[in-house]
Protein chains: 2
Amino acid sequence: MTKLPAIPAGQLNRRAGVIKALAHPSRLRIVLALERGERCVCELRQLVKADVSTVSKHLALMKRAGLLDERKAGLYVYYRLRVPCILRFLDCVDAVLEHAPPATRPRHYVKKSPIKRRTTR
Amino acid sequence: MTKLPAIPAGQLNRRAGVIKALAHPSRLRIVLALERGERCVCELRQLVKADVSTVSKHLALMKRAGLLDERKAGLYVYYRLRVPCILRFLDCVDAVLEHAPPATRPRHYVKKSPIKRRTTR
DNA sequence: AGGTAATTTGGTCATATTACCAAATAGTAT
DNA sequence: ATACTATTTGGTAATATGACCAAATTACCT
């Protein structure tokens, strides 16, 4: 049995941070959309069917993680993929799913009802 | 501007599930350890410094996601990487981090104190 | 059967994530 | 300045995740 090298925790944390930034269906949808080139928030907002604020936060998160870059032009903000190798990885993910075990159901958060809200502020 | 294909939500959910299974420092540590071949839980448990039950749950999660396979031999359970392309992806992640923005700090959960617990059960 | 070691399962609790809305900010134009 | 549009930021609430402990399970022994 070979010796295990013991990778420093900080490095693993940073890597996990990048991967987490990718680990959400809407964010994947955005990344895939950016395959062909930059898009403004207004386009991505239609693609992902969620509140603009939600989309904006997904974008900010991915930018912080180093996945995306941003370009402001007048009223618009255009985002683009910073590192294209991300796209190749999705093929590997599909390989995992290929002859995969029966149930891999991730279940993502979905807002239940738009119930009443306090109007503090 | 080209037409966007609109990928079905189910597919994105499944992909995100696989990626999420990878998006944790301890799980990355495990995956990296399995690069050289299978390991029993008892080995991985020492590698990741966490309660065995925690490690076991990480392993179960990754197995459910299709990342790992398991082989039982007597008292031991050996886990191994099911799809090796995962490892190449980590290079891409490092590329993202390479000349990345200043702060990418993911902050993972750390139990505060082992305070008293009820002994119900 | 009873004993011991490896692993999994169930419970609980703290923290992280993510959704929406509402309001703030920024840019353009009238 | 006012009006209008695009995007971000702040707040709140629901859900998901991940840590540990304790107990259950499984397999191999005497």
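Refer to the preceding data block for the structure.
Treat the numbers as computed from the prediction; the structure is a model and nothing was measured. (Residues numbered from 1 in each chain as written. Chains lettered and ligands numbered in written order. Predicted model: local features only at pLDDT ≥ 70, side-chain atom pairs only at ≥ 80, totals over all residues. Heavy atoms only, no water.)

Draft legend 1. Focus on the pattern of salt bridges. Enumeration over the complete set of coordinates arrives at 12 salt bridges over all chains. We note a salt bridge from E70 of chain B to K63 of chain B, for which the minimum N-O separation is 3.6 Å. (Salt bridge = Lys/Arg side-chain N within 4 Å of Asp/Glu carboxyl O.)

Draft legend 2. Region of interest: the interface of chain B and chain A. Listed as interface residues are 52 residues of chain B and, on the opposing side, 52 residues of chain A. For the chain B and chain A pair, buried surface summed over both sides reaches about 4700 Å², with 70% attributable to carbon and sulfur atoms. Between R15 of chain B and D94 of chain A there is a salt bridge whose closest N-O contact spans 2.8 Å. Summed over the shared surface of chain B and chain A, the result is 6 residue pairs in polar contact (both at pLDDT 80 or more). Where the side of chain B that touches chain A is concerned, the elements lending two or more residues are α1 (9–22), α2 (25–33), α3 (41–47), α4 (52–64) and α5 (85–98) of chain B. Top element by residues in the side of chain B that touches chain A is α1 of chain B. It accounts for 11 residues. (Contact = heavy atoms within 4.5 Å. Buried area = accessible area lost by both parts, 1.4 Å probe. Polar contact = N/O pair within 3.5 Å; in protein donor to acceptor, adjacent residues only side chain to side chain. Helix = DSSP H or I, 4+ residues; strand = E, 2+ residues; numbered from the N terminus.)

Draft legend 3. Molecular detail of the sheet that holds strand β3 (residues 76–81) of chain A. Residues and elements named next belong to chain A. If you trace the 3 strands from one edge of the open sheet to the other, you get β1-β3-β2, paired in antiparallel fashion. Two strands lie at the open edges of the sheet, namely β1 (39–40) and β2 (68–73), each paired on one side alone. One ladder, built from 6 bridges, connects β2 with β3; its direction is antiparallel. When the bridges of β3 are listed, E70 appears paired with Y79. (Pairing = 2+ DSSP bridges.)

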